[in-house]
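# Topology and contacts: notes
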Amino acid sequence: MPAIPVWWYLMVATGLFSIGLYATLTRRNAVNVLMGVELMLNAVNLNAVALWRYASPTVSATVDGQSVQLLSTLDGQVFAIFVIALAAAEAAVGLALIIAVYRSRRTVELEQLDMLQG
Amino acid sequence: MLDLNVIGGYAWLIPGFTFAAFVVIMAIIATGGSGRLAARVAVAGILLSTLVSVPLLLAALGAEGGEHGGLAAEPFVATWWSWLPMGEGTLDFGALIDPLSAATAAMVGILCSAIFIYATAYMAGELEAYDDASGAVDPAVGNARYARFFAYVSLFATGMLGFVLASNLLQAMVFWEIMGLCSFLLIGFWYFKPSAAAAAKKAFLTTRIGDLFFFVGIMILFWMHGSVDYTTMLSHAGIGVLHDAAPLVLQFGPASLAIPMILLVGLMIFGGTVGKSAQFPLHVWLPDAMEGPTPVSALIHAATMVSAGVFLVARMYPAFAAATPDAPGSISGPMFVVAAIGAITALGAATIATTQFDIKRVLAYSTISQLGYMVAALGIGAYVAAVFHLITHAFFKALLFLGSGSVIHGVEHGMHHDHGHGHGHDHDAAASAPAGGYGAYAADPRDPQDMRNMGNLRERMPLTFWTYMAGTLALTGIPVWAGFWSKDEILAEAFHKGIQSQIVIAGFVWLLLTLAAFMTAFYMARQVFMTFFGPPASEGARHAPESAPAMVYPLVVLAIFATLLGFVGVPEGLPGLGPALGNPFHHFMGYLSTGAHFESLEFSWLPMLASVVVAALGWLVGWLIYGRDPAAVRAQDPLQRLGGAWKLLYDKYRLDELYGLVVRSDPRIHRESDASEADKPNAEQLGRLVALVDAFGTLNGQIDKLVVDGLVNLAGRAGEVFSRVNGWIDANVVDALVNLVAYVNGEISRGLKLLQTGRVQNYLLVVFFSLLILVGAFVM
């Protein structure tokens with residue numbers, strides 16, 4: 001078992017997620033909002049990897065004559081890699097959208113982009 | 001010998017020539033050409049037709065297989081033109097050449113030729129027609145009118161020949177209607193005379209009633225067979241189909257009536273005959289049809305068109321005969337009706353003829369009567385005798401009509417000689433003198449058709465007289481003239497079936513027809529004595545000249561036919577004459593399309609002697625009453641002493657008045673009948689009847705107004721009130737509910753709308769807090 005308890009990781013991840021959420025909800029500039037989203041995604045990544053490391057069942061195996069404990073799955077890591085790839089794609093699409101919006105409206109202030117108001 | 005398969009192929013020329021003549025004459029009229037040229041075209045057309053139709057008859061006579069029903073069962077059929085593909089077959093125009101059509105077509109051709117030639121002279125007065133506007137003689141009007149006559153008669157000849165030769169019923173109906181149209185046009189030829197115009201309408205409408213039945217019959221037959229070809233319908237198999245068809249069931253509430261198809265078809269087809277051949281009760285148009293020019297009366301209303309109805313029954317005879325139930329020697333449903341109608345018509349019309357004064361009207365009723373003979377003969381199964389009488393009657397009745405036309409023409413010219421004014425426009429026209437204008441039943445001295453204005457014409461018009469006598473002797477059934485043989489054959493058949501085979505209806509037919517034969521001789525004797533004998537009764541008769549050669553020669557030709565034609569049908573059993581002549585007519589005509597053969601009747605002296613005695617008695621009584629002092633009877637008809645009975649006959653059994661009452665179309669009918677003092681009681685009776693009908697009508701009207709209308713109005717009011725209530729509920733309850741739903745929806749939406757700010761971060765905030773709440777709820 002690693003020396004650092006899991007809740008440390010969870011605390012960092014929660015902080016990171018909260019900062020991201022705050023940025024997403026409060027920033028006026030669409031680019032900042034996008035940044036907040038990225039923060040939230042990375043918080044989730046951190047969570048996923050940490051929980052995998054601490055919760056995944058282990059198996060016993062002999063390596064070079066020594067008996068070691070090995071994690072039985074790679075769930076968390078795969079999950080994280082997927083999210084990173086997704087975030088990259090999301091950032092690309094998101095930035096492209098922002099550019100498109102800027103070209104037509106001459107602004108990226110979300111306060112002003114309220115044409116869908118009921 | 002002539003080959004039927006060759007000449008039959010040219011049968012289309014028979015109606016073709018006359019139709020071509022019609023087209024050419026129409027062109028002549030359109031270009032304002034000469035009337036005489038038109039007449040020549042018409043005569044040429046019909047002569048060419050006759051030059052085909054007579055060889056056609058000769059070829060048919062020589063056709064092989066006559067012994068086994070050959071030509072009748074396997075007739076020559078040609079298709080001229082496929083008119084309308086329909087269902088499994090086509091409706092064609094074509095020719096069916098069998099003994100019946102060949103003989104009739106030849107008869108029609110010869111008669112039409114004679115009458116056309118006669119008409120060129122008779123109608124010549126039209127060439128000098130007055131212009132209606134200026135009153136002066138106008139050659140343009142005259143030529144057009146003269147040509148118009150020949151256009152109509154040519155078209156008529158096309159109709160008759162096409163009808164006779166037709167290969168199917170629908171084609172027959174088409175040509176039948178062409179004849180009807182021409183009849184209408186020619187009766188109304190002098191359309192400026194109100195009486196002629198009315199007579200034309202009457203003839204057209206009355207025959208139309210029969211035609212409707214005829215058409216229904218055709219449709220039923222088409223439905224049964226999928227075809228209207230005679231060869232299909234009237235073959236042995238075709239008759240079987242009709243015989244075995246499911247009956248038509250009429251439902252009257254709980255009661256039902258099953259009518260066998262074959263009976264229905266027979267009656268419907270016979271309906272057409274009743275109209276066209278002027279049988280009771282649709283005979284009323286034919287006497288009025290005498291308003292037309294006399295050649296038309298001879299051609300259409302004596303010789304050809306009116307016998308088309310008889311021809312139709314003869315053509316469809318296998319279907320009529322097949323309806324006979326299995327019991328031998330009985331008469332079937334449609335045949336029974338045919339026989340009864342024919343016999344009633346024959347006697348009824350003959351009795352009316354004894355009281356008429358108009359020379360053409362006597363002949364018109366005589367025609368109706370003789371048509372009744374033929375129809376009755378067909379009804380009792382005397383097919384050959386009926387066709388024989390059809391052909392002989394056509395010749396001698398045409399002769400009589402043409403003779404009467406010659407008489408009228410002569411008397412009219414005599415009158416003009418006397419008064420010296422022009423002629424032409426009032427040709428045949430004075431017959432329309434106002435009813436009652438010359439006192440009760442007195443002759444109008446200006447009427448050239450009234451027999452009471454004639455007399456002594458025997459000396460003034462000898463050729464007309466002698467030919468007229470030939471026709472009269474033939475009509476009255478005096479041996480050896482044609483009518484004797486044909487009428488005697490009908491009476492012999494009726495006698496044989498009625499007395500020896502004990503068929504009640506045939507006995508009834510024999511009795512009525514024998515009585516009618518007596519009447520026939522009587523009224524013809526009356527006519528001849530009044531017309532040709534005694535001193536002249538008017539200036540017209542005194543100065544009447546013999547008619548032109550073009551009128552007299554056709555009379556001579558027809559007189560020869562009327563005298564000699566009967567010898568083709570002398571009964572074989574008659575000692576001496578019979579075996580020598582061999583009755584070729586019976587051998588030719590005595591087969592049906594089903595292969596059935598009519599046996600020659602065993603000869604018996606009794607009916608022949610009876611018919612001769614009856615005819616002689618008729619002449620004798622006629623001579624006793626009218627022959628001894630023609631001058632006196634012209635002043636007052638002795639039969640008038642019979643009073644009411646005579647008046648009833650003179651008024652034609654008042655059928656016209658009855659129809660008038662039923663239809664209530666023509667108020668003149670009432671006025672005419674109370675025109676004179678002598679008629680007063682009848683007028684009162686009629687008046688009472690009218691008053692009764694009126695009272696009944698008024699009562700009916702009141703009931704209608706108070707009860708029926710009241711109920712209807714009540715229902716209307718109730719409906720209105722109910723609708724009002726309904727409308728209020730609809731507007732204030734149903735609509736309110738609907739509006740409420742919409743209003744509530746609208747208000748809710750108005751509130752919810754505030755949530756939709758369009759700012760994406762607001763939404764995200766809502767999502768976040770909602771999630772928190774959900775998670776909180778889940779945890780707790």
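Residues numbered from 1 in each chain as written. Chains lettered and ligands numbered in written order. Predicted model: local features only at pLDDT ≥ 70, side-chain atom pairs only at ≥ 80, totals over all residues. Heavy atoms only, no water.

## Thoughts on the overall build of chain A
To keep things clear, this is the line we draw: Under the scheme used here, helices are H or I runs from DSSP no shorter than 4 residues and strands are E runs no shorter than 2 residues, and both carry numbers assigned from the N terminus. The quantity called the radius of gyration is restricted to C-alpha atoms. Its globule counterpart is 2.2 Å times the number of residues to the power 0.38.
On a plain count of helices and strands, chain A comes out with three helices and two strands. Listed by position from the N terminus, the elements making up chain A come as α-α-β-β-α. A compact globule built from 118 residues would reach a C-alpha radius of gyration of about 13 Å, whereas chain A, at 20 Å, exceeds it by more than 25%. Expressed along its principal axes, the backbone C-alpha trace of chain A runs to roughly 70 × 25 × 25 Å.

## Re the packing of helix H13 (residues 294-303) of chain B against helix H14 (residues 305-315) of chain B
Residue and element names in this part refer to chain B. Our working rule: Only the contacting stretch of a helix is used when fitting its axis, a line to C-alpha atoms as for every element, and angles between N-to-C directions run 0 to 180 degrees. When an angle is under 35 degrees it counts as roughly parallel; over 145 it counts as roughly antiparallel; between 65 and 115 it counts as roughly perpendicular; any other value is oblique. In this description, contact between two residues means that some pair of their heavy atoms is separated by no more than 4.5 Å.
Two numbers describe how H13 lies on H14: the axes approach to 3 Å, and their chain directions differ by 20°. Judged on the interaxial angle alone, H14 and H13 are roughly parallel. Along the contact surface, H13 presents Leu 299, Ile 300, His 301, Ala 302 and Ala 303, while H14 presents Met 305, Val 306 and Ser 307.

## Topic: the pairing of strand E4 (residues 255-259) of chain B
All names here are of chain B. We apply this condition: At least two bridges found by DSSP between two strands is the condition for calling them paired.
Taken together, the five bridges between strand E3 (residues 248-252) and E4 define a ladder with antiparallel strand orientation. If you follow Leu 248 over to E4, its bridge partner there is Ile 259. Between the antiparallel neighbours E3 and E4 lie two residues, among them Gly 253 with a positive phi of about 60°.

## Focus: the nonpolar core
The condition that has to hold: By nonpolar core we mean a set of buried residues, namely Ala, Val, Leu, Ile, Met, Phe, Trp, Tyr and Cys, connected to one another through side-chain atoms within 4.5 Å. Working definition: with a 1.4 Å probe on protein chains only, accessible area under 20% of the residue-type maximum means buried, over 50% means exposed, and in between means partly exposed.
In terms of nonpolar packing, the biggest core is built from 231 residues, with Phe 163, Leu 169, Met 316 and Tyr 383 of chain B touching the most fellow members. Element by element, the count of residues in this core is highest for helix H18 (residues 383-419) of chain B, at 20 residues. Residue contacts for Phe 163 of chain B: discarding those within four places in its chain leaves Ala 172, Phe 175, Trp 176, Met 179, Ala 308, Phe 311 and Leu 312 of chain B. Ala 30, Val 33, Ile 98 and Val 108 of chain A belong to the second largest nonpolar core, which has six residues in total.

## Focus: the pattern of salt bridges
All names here are of chain B. Where we set the bar: Just to be clear on terms, a salt bridge is a Lys or Arg side-chain nitrogen sitting within 4 Å of an Asp or Glu carboxyl oxygen.
With the rule as written, the count across this model stands at 13 salt bridges over all chains. Put simply, Asp 98 and Arg 315 hold a salt bridge, and the shortest N to O gap is 2.7 Å. Pair noted here: Asp 98 is in the loop between strand E2 (89-97) and helix H5 (99-122) and Arg 315 is in helix H14, with a separation of 217 residues, a long-range link. Each member of the pair, Asp 98 as well as Arg 315, carries the same accessibility label: buried. Across the salt bridge formed by Arg 717 and Glu 720, the nearest N and O atoms sit 3.0 Å from each other. Of this pair, Arg 717 and Glu 720 both sit in helix H32 (residues 680-753), three residues apart, which is roughly one turn of the helix. Given a relative accessible area of 33%, Glu 720 falls into the partly exposed group. Here the salt bridges share partners, and the residues they tie into one network are Glu 177, Arg 208 and Asp 211.

## What to know about the pairing of strand E2 (residues 66-71) of chain A
Residue and element names in this part refer to chain A. For E2, the tally of buried residues reaches only zero of six residues, placing the bulk of the element at the surface. The sheet contact formed by strand E1 (residues 58-63) and E2 spans six bridges and is antiparallel. By the bridge assignment, Thr 62 is partnered in E2 with Ser 67.

## Some thoughts on helix H17 (residues 359-379) of chain B
Residues and elements named next belong to chain B. Note the cut-off: Expected span of a helix: the number of residues minus one, times 1.5 Å.
Between its first and last C-alpha, H17 extends 30 Å over 21 residues, near the 30 Å set by a 1.5 Å rise per residue. Among the 21 residues in H17, 21 count as buried, and that is most of the element. Gly 381 lies just past H17 and shows a positive phi near 90°.

## Focus on helix H7 (residues 169-187) of chain B
We count it as follows: Polar contact criterion, stated in full: a pair of N or O atoms within 3.5 Å, where within protein one must be able to donate a hydrogen and the other to accept it, and residues adjacent in sequence count only if both atoms are side-chain atoms.
Between the first and last C-alpha of H7 of chain B there are 26 Å, a value that for 19 residues agrees with the 27 Å anticipated at 1.5 Å per step. For H7 of chain B, the capping residue at the N-terminal end is Asn 168 of chain B, with a side-chain oxygen 3.1 Å from the backbone nitrogen of Leu 170 of chain B.

## Re the domain arrangement of chain B
Which entries qualify depends on this criterion: Domain ranges listed in this record stem from an automatic or a database domain assignment.
Parsing chain B into structural domains produces domain 1 (1-167) and domain 2 (679-762). Each of domain 1 of chain B and domain 2 of chain B has a C-alpha centre, and the two are 64 Å apart.

## Concerning the side chain of Asp 211 of chain B
Residue and element names in this part refer to chain B. Counting through the fold element by element, Asp 211 comes out in helix H8 (residues 194-225). Judged by relative accessible area, Asp 211 falls into the buried class, the value being 2%. With sequence-adjacent residues up to four places away left out, Asp 211 is seen in contact with Met 173, Trp 176, Glu 177 and Gly 272.

## Topic: the environment of Leu 13 of chain B
All names here are of chain B. Within the element layout of this structure, Leu 13 appears in helix H2 (residues 13-30). Residue class for Leu 13 comes out buried when judged on its relative accessible area of 18%. Measuring from C-alpha to C-alpha, the distance between Leu 13 and Thr 50 comes to 9.8 Å, with 37 residues separating the pair along the chain. Aside from chain neighbours lying at most four places away, what touches Leu 13 is Ser 49 and Val 52.

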